[in-house]
Amino acid sequence: VQLQASGGGMVQAGGSLRLSCAASGDTFRSYVMGWFRQALGKEREYVAGFRRNDDRTYYANSVKGRFTISRDNARNMVYLQMDSLKPEDTAVYYCAADKGVILSAIAIWNQYDYWGQGTQVTVSS
């Protein structure tokens, strides 16, 4: 599967952005899908995601209540709506996919084989 992320930009604290991830090349719903982010000098961390063939959503504690992940299966798209943004949300955001990630490893970035190119999100104070 090929992934392409878009929608990043610069926003003031308290603002919103919507990231999009377009998937192509395989049956989208059969993949575990996730959004990760990596701030400068920090480890890549899990943000949100879906299990395969399942609409339940998973979030990092740091974004619960502020970010919402959704998907459009017909269009092979995954979205990340980010509200109430904080300066600490500044990072490069990546979408990722894999067929074999088990639930206990859903937040571990190196369990995912397929990655989009990343999109920069910058939140100013």
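The coordinates are above.
Here the structure is a predicted model, which means the values were calculated and not measured. (Residues numbered from 1 in each chain as written. Predicted model: local features only at pLDDT ≥ 70, side-chain atom pairs only at ≥ 80, totals over all residues. Heavy atoms only, no water.)

Undergrad: Talk me through the packing of aromatic side chains; I want residue IDs and the actual numbers.
TA: Any two aromatic rings considered together are summarised by their centre-to-centre distance and by the angle between their planes. Enumeration over the complete set of coordinates arrives at seven aromatic pairs. Ring geometry for Phe-36 and Tyr-46: centres 5.3 Å apart, planes at 75°, overall edge-to-face. Within this pair, whereas Phe-36 is found in strand S4 (residues 32-38), its partner Tyr-46 is found in strand S5 (residues 45-50), the two being separated by 10 residues in sequence. A centroid spacing of 5.0 Å and a plane angle of 75° characterise the contact between Phe-36 and Tyr-112, whose relative ring orientation is edge-to-face. Highlighted residues: Phe-36 in strand S4 and Tyr-112 in the loop between strand S9 (91-98) and strand S10 (114-115), separated in sequence by 76 residues. Like Tyr-112, Phe-36 is buried. (Phe/Tyr/Trp six-rings, centres within 6.5 Å; stacked < 30°, edge-to-face > 60°. Helix = DSSP H or I, 4+ residues; strand = E, 2+ residues; numbered from the N terminus. Buried < 20%, exposed > 50% of the residue type's maximum accessible area, 1.4 Å probe, protein only.)

Undergrad: How would you explain unusual backbone geometry if you had to name every residue and give the values?
TA: Phi is positive for Asn-53, close to 55°, though the residue is something other than glycine. For Asn-53, the position within the fold is in the loop between S5 and strand S6 (57-59). You can call Asn-53 partly exposed: its relative accessible area is 48%. Despite not being glycine, Ser-84 has its phi angle at roughly 50°, a positive value.

Undergrad: So what's going on with the pairing of S4? Residues and values would help.
TA: Where burial is concerned, most of S4 is hidden: six out of the seven residues are buried. Two strands pair when backbone bridges link them, and S4 and S9 are joined in this way by seven bridges, in the antiparallel orientation. Each residue of the ladder has a partner; that of Gly-34, found in S9, is Ala-96. Bridge analysis of S4 against S5 gives five bridges, and the strand direction is antiparallel. Considered in S5, the bridge of Phe-36 is made with Tyr-46. The hairpin formed by S4 and S5 contains six residues between the paired strands, and Gly-41 there has a positive phi angle of roughly 80°. (Pairing = 2+ DSSP bridges.)

Undergrad: Explain the nonpolar core residue by residue, including any values.
TA: Formed by 29 residues in total, the largest nonpolar core has its most connected members in Leu-3, Trp-35, Val-47, Phe-67, Leu-80, Met-82 and Tyr-93. Excluding its chain neighbours within four sequence positions, the residues that come into contact with Tyr-93 are Leu-19, Trp-35, Phe-36, Arg-37, Val-47, Phe-67, Leu-80, Met-82, Gly-118, Thr-119 and Val-121. Within the second largest apolar cluster, eight residues are counted, among which are Tyr-46, Val-101, Ala-105 and Tyr-112. (Core = buried A, V, L, I, M, F, W, Y, C linked by side-chain atoms within 4.5 Å. Contact = heavy atoms within 4.5 Å.)

Undergrad: Describe the state of the cysteines, with residues and values.
TA: Taken as a whole and assessed by the stated rule, the structure comprises one disulfide. The partner cysteine of Cys-21 in its disulfide is Cys-95, sulfur to sulfur 2.2 Å. Judged by the torsion about the S-S bond (70°), the Cys-21/Cys-95 disulfide is right-handed. Note that Cys-21 is positioned in strand S3 (residues 17-24) and Cys-95 in strand S9, a separation of 74 residues in sequence. Each member of the pair Cys-21 and Cys-95 is classed as buried. (Disulfide = S-S within 2.5 Å.)

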